[in-house]
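Structure assessment
Residues per chain, in single letters:
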Amino acid sequence: MGRTTFDFEGETVIVTGGSSGIGREIALAFGRAGATVLNADIHATSKDAGAETPTHEAIEDEGGTAEFVETDVSDPDALAAVVKRAEEFGGVDVMVNNAGVFMRDGMLDVSIDDFEFIHDVNTKGVFCGCQAAGRAMKARGEGGVIINTASISSTHAQKEQVPYDSTKGAIRMITRGAALEFAEHDVRVNAVAPGHIATEFGAGAERKEESVAAGELTKPIPLDRPGYPEDIAPAVLFLASEQAGYVTGETMYVDGGWQIF
Ligand code: NAD
């Protein structure tokens, strides 16, 4: 199989939720590709095992340029502030709206407070991230790229996941609607939809591996392994690159084939 490398030298990339899991790997990959990376997370430290060095320091240790900007994505003003901060580095070229939270609760049991909380972070966070970046990209007039982290849950229902699944379904449509409206400003908007990825999110990394091994998941994964953050980051870099210059409004599933059947 061939190999692709990406060059984002001179570009400024914001990754929300870049301290842990998928977002951390996306941020590290952009850093290795030469981008200036702003990690917009609510926590500076990573919850990943073996990731004692905060993401921005890990990027700098590898010779890159990065900053941590404390950001709660459920706060539109905080998102606008991190996009403003990117102006110090020439303005945001790539916005990755990745931060998200998970909860498992039945339709009849979930409290309205919990439902609102998950929609505040996952749905409003992505909507306002698109809005803040879209406004800045339109004003700068040089185009840009936005990538949202969706999920297999964007299209597939799983038991006791209505609160979460409804956020991810919304993200798919925010992606399509923003792509439609931002095209005239040369801003492409796409989503990646991870499958079962071994992170501390939800069941946790070890539990996910065990679940796959024990065949406990509701459907088998055709490629017969959980995914890893390293499986998701290259898809994000591809969508952000000029090689994907004719791709917009798309949700790319990176799930080992989970959603095929
Ligand atoms: P994770 O829990 O490992 O990392 C999530 C990161 O988001 C953390 O660094 C956390 O601090 C940050 N965060 C949480 N709330 C925030 C807020 N309000 N503002 C800013 N940052 C906040 O999770 P992950 O597995 O890396 O998930 C990342 C994204 O991928 C999420 O959107 C999730 O829905 C999606 N996803 C994950 C899986 C999976 O199996 N892990 C599958 C499909 C989609």
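Look up a bit, the structure's there.
Residues numbered from 1 in each chain as written. Predicted model: local features only at pLDDT ≥ 70, side-chain atom pairs only at ≥ 80, totals over all residues. Heavy atoms only, no water.

**A word on the site of the ligand**
To be explicit about the condition: Here a residue counts as near a molecule or strand whenever at least one of its heavy atoms sits within 4 Å of it. To measure how exposed things are, a 1.4 Å probe is used in the Shrake-Rupley method; for residues, cover is taken only from the protein chains shown. Secondary structure counts use DSSP, requiring at least four H or I residues in a row for a helix and at least two E residues in a row for a strand, with both numbered from the N terminus. For this classification, the nonpolar set comprises Ala, Val, Leu, Ile, Met, Phe, Trp, Tyr, Cys and Pro, the charged set comprises Asp, Glu, Lys and Arg, and every other residue, Gly included, is treated as polar.
As a matter of local geometry, the ligand sits amid 29 residues, with Ile 22, Asp 41, Lys 47, Tyr 164 and Thr 199 nearest to it. Bound to the protein, the ligand loses 95% of the 830 Å² it would expose on its own. Put simply, the parts of the chain that give the shell around the ligand at least two residues each are α1 (21-32) and α5 (162-182). When grouped by side-chain class, the residues that make up the shell around the ligand number 11 nonpolar, 13 polar and five charged.

**Notes on a nonpolar patch on the surface**
Selection criterion: To count toward a patch, a residue needs a relative accessible area over 30% and no salt bridge; like charges are then connected within 9 Å, while nonpolar side chains (Val, Leu, Ile, Met, Phe, Trp, Tyr) are connected within 5 Å. Whenever a carboxyl oxygen of Asp or Glu lies within 4 Å of a side-chain nitrogen of Lys or Arg, that contact is scored as a salt bridge.
A surface patch of nonpolar side chains, amounting to about 370 Å² of accessible area, comprises Met 107, Leu 108 and Val 162. Of note, Leu 108 is situated in the loop between β4 (94-97) and α4 (112-140).

**A short note on the packing of α1 against helix α7 (residues 229-240)**
What counts here: Working convention: axes come from line fits to C-alpha atoms, limited for helices to the stretch in contact. Angles between N-to-C directions cover 0 to 180 degrees. Angles are sorted into four bins: roughly parallel if under 35 degrees, roughly antiparallel if over 145, roughly perpendicular if 65 to 115, and oblique for all others. Take the far helix as the reference: if the near one is turned anticlockwise from it by less than a right angle, the crossing is left-handed, and if turned clockwise, right-handed. Contacts: residue pairs with any heavy atoms within 4.5 Å of one another.
Interaxial distance between α1 and α7 falls to 8 Å at its minimum, and their mutual angle equals 50°. Accordingly, the angle class assigned to the pair α1 and α7 is oblique. Seen from above, α1 lies across α7 with right-handed handedness. Only Pro 229, Glu 230, Ile 232, Ala 233, Val 236, Leu 237 and Ala 240 of α7 make contact with α1, whose side of the interface consists of Gly 21, Ile 22, Glu 25, Ile 26, Ala 29 and Phe 30. Considering only residue class, the contact of α1 with α7 consists of 10 nonpolar, one polar and two charged.

**Some remarks on the packing of aromatic side chains**
Condition: For Phe, Tyr and Trp, rings pair up if their centres lie within 6.5 Å, where Trp contributes its six-membered ring, and each pair is then called stacked (planes under 30 degrees apart), edge-to-face (over 60) or tilted (otherwise). Categorising residues by exposure relies on relative accessible area from a 1.4 Å probe, with only protein chains included: less than 20% of the type maximum marks a residue as buried, more than 50% marks it as exposed, and the intermediate range marks it as partly exposed.
Applying the stated criterion across every chain, the model contains five aromatic pairs. With a centroid separation of 5.0 Å and 80° between ring planes, the pair formed by Phe 8 and Phe 30 is classed as edge-to-face. With Phe 8 in the segment before β1 (12-16) and Phe 30 in helix α1, this pair connects stretches of sequence that are 22 residues apart. Comparing Phe 8 with Phe 30 shows no difference in burial state: the two are buried. Measuring from ring centre to ring centre gives 4.9 Å for Phe 102 and Tyr 164, while their planes differ by 70°; the resulting arrangement is edge-to-face.

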